[in-house]
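Descriptive analysis of the structure
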Amino acid sequence: GGAPSLERGRAGAPSCGLGSSCPLPSGAEEPGMEAEAQELPLGCGGGDVSPAAGRSPEGEERREPPQASVSNGGDEDSGRELVELKVIWNKNKYDVKFCLDSTGAELKQKIHSLTGLPPAMQKVMFKGLLPEEKTLREIKVTNGAKIMVVGSTINDVLAVNTPKEAAQQEVKAEENKKEPLCRQKQHRKVLDKGKPDDVMPSVKGVQERLPTVPLSGMYNKSGGKVRLTFKLEQDQLWIGTKERTEKLPMGSIKNVVSEPIEGHEDYHMMAFQLGPTEASYYWVYWVPTQYVDAIKDTVLGKWQYF
């Protein structure tokens, strides 16, 4: 009666209940085990059965691409890793999702579409100036990173410059209506003192560039001696008196007005407008006529290098 039970055992090896004393040869067991191992990753998604462990990473790799594309939905960057950025420009904040493998130059194009600021006029900052040729991944941009943008649109630049030019035109129009400045009482009390003893020589009918030495031998409105030093490398005008020296950024001077002194047309009286009203004019008397245009051009932004 032993032989039939042995045949049943060979037909269904996995159901052998004899444990370690099962008389089956080891070769008969292995095909059944291997079939089970191959089916497990498909049926259970890669269980803990040890023969399947070697093949389960391959099964996982095959499933990854679909997961990545699902997580990005129908985005045009499907399959590419996105990073969330906060772009800050001119007190405006923009939340942007951008591909981590895009370059700084491509980010500038994106900023252009958001702000209207041309890439050539953008200064983009992330831990220093953003390199155009490197990708965001290479410069280690992470989620939530703040990207600072500095720059002005063409319209902004024009809007800033136009009022200054308009103000100059208005001042010229006002000058034409009024009596000559040198006849006004406040100026007469200085001019009546006559020329300073160390006044600089004037050259009528000639325009010269600013000398390398300070302009001296002039009076201010209180009748004290004053000298003007043009520090081009620092973009400053230094107004020096016996008591102190005022260092003024050129950009803070809103206008420069001048007028020839009656009876001494080779010298001018000149004012630097330091605030919004005429009360803020700083007056200087006995400026040699050949330097008047160079002073105006230097202070108001037209550099005179020769």
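As a starting point, this report considers the structure included with it. Computed from a prediction, not measured in an experiment: that's the story for all the values here.

Here the focus is the side chain of Thr115. For Thr115, the position within the fold is in helix H5 (residues 104-115). Among the polar contacts listed, one links the side chain of Thr115 to the backbone nitrogen of Leu117, at a separation of 3.1 Å. Setting aside anything within four residues of it in sequence, one finds Thr115 in contact with Trp89 and Tyr94.

Here we come to the environment of Lys134. Considering the arrangement of structural elements, one finds Lys134 in the loop between strand E3 (123-125) and strand E4 (145-150). Residues Lys134 and Ala105 lie 29 residues apart in sequence; the distance between their C-alpha atoms is 8.4 Å. Those residues in contact with Lys134 that sit more than four places away from it in its chain are Ser102, Thr103, Gly104 and Ile139.

Attention shifts here to the pairing of strand E1 (residues 82-89). Relative to strand E2 (residues 92-99), E1 runs antiparallel, the two sharing 8 bridges. Looking at the pairing, Trp89 lines up with Asn92 of E2. Hairpin remark: E1 followed by E2, antiparallel, with 2 residues in the connecting loop; positive phi at Asn90, about 55°. Here 5 bridges tie E1 to E4, and the two strands are oriented parallel to one another. Bridge pairing in E4 places Leu85 opposite Ala145.

Take H5 next. Note that an α-helix has 3.6 residues per turn; residues three or four places apart therefore point the same way. Here H5 is 12 residues long and its end C-alpha atoms lie 16 Å apart, about the 16 Å a rise of 1.5 Å per residue gives. Residues Gly104, Leu107, Lys108, Ile111 and Thr115 constitute the buried set of H5. In an axial view of H5, the angular spread of the buried residues amounts to 105°, which keeps them on one side of the axis. Looking at the buried residues of H5, the elements they touch are E1, E2, E3 and E4. The positive-phi residue at the C-terminal boundary of H5 is Gly116, with phi of around 80°.

With that settled, consider the nonpolar core. Counting residues in each nonpolar core, the largest one holds 22 residues, and the members touching the most others are Leu215, Leu228, Phe230, Leu237, Phe272, Ile295 and Val299. Listing elements by their share of this core, those giving two or more residues are strand E5 (215-220), strand E6 (225-231), strand E7 (236-241), strand E10 (264-273), strand E11 (281-288) and helix H8 (292-300). With 4 residues, H8 is the single largest residue contributor to this core. In contact with Val299, other than residues within four places in its own chain, are Phe230, Met250, Ile253, Val256 and Phe272. Counting 20 residues, the second largest nonpolar core, distinct from the first, contains Leu85, Leu107, Val124 and Leu136.

Here we take up the sheet that holds E10. Read from one edge of the open sheet, 7 strands run E8-E7-E6-E5-E11-E10-E9, paired in antiparallel fashion. Each edge of the open sheet is held by one strand with a lone partner, namely strand E8 (245-249) and strand E9 (255-261). Going across the sheet, the axis of each strand differs from the next one's by a mean of 30°, ignoring polarity. The sheet contact formed by E6 and E7 spans 6 bridges and is antiparallel. The residue of E7 that forms the bridge with Lys231 is Gln236. Contacting E5, E6, E9, E10 and E11, H8 runs over the sheet at an angle of about 170° to E9.

Definitions and cut-offs
- Numbers given to residues run from 1 along each chain, matching the order in which its sequence is written.
- Confidence filtering applies because this is a predicted model: local features only for residues at pLDDT of at least 70, side-chain atom pairs given and counted only at 80 or more, and all residues used for totals across whole chains, interfaces and linings.
- As a rule here, side-chain values come from all non-hydrogen atoms in the structure, and water together with hydrogens is ignored.
- Helix and strand definitions here come from DSSP, where helices need a minimum of 4 consecutive H or I residues and strands a minimum of 2 consecutive E residues; each element is numbered from the N-terminal end.
- Polar contact criterion, stated in full: a pair of N or O atoms within 3.5 Å, where within protein one must be able to donate a hydrogen and the other to accept it, and residues adjacent in sequence count only if both atoms are side-chain atoms.
- Contacts were defined at the residue level, with two residues in contact if any of their heavy atoms lie within 4.5 Å.
- One bridge is not enough; two strands pair if DSSP finds at least two bridges between them.
- Any helix carries an expected span of 1.5 Å times its number of residues minus one.
- Categorising residues by exposure relies on relative accessible area from a 1.4 Å probe, with only protein chains included: less than 20% of the type maximum marks a residue as buried, more than 50% marks it as exposed, and the intermediate range marks it as partly exposed.
- It is the directions from the helix axis to the C-beta atoms that the arc portrays.
- Among buried residues, the Ala, Val, Leu, Ile, Met, Phe, Trp, Tyr and Cys ones that are joined through side-chain atoms within 4.5 Å form a nonpolar core.
- Simply put, an axis is a line fit to the C-alpha atoms, just over the touching stretch for a helix, and the angle between two N-to-C directions goes from 0 to 180 degrees.

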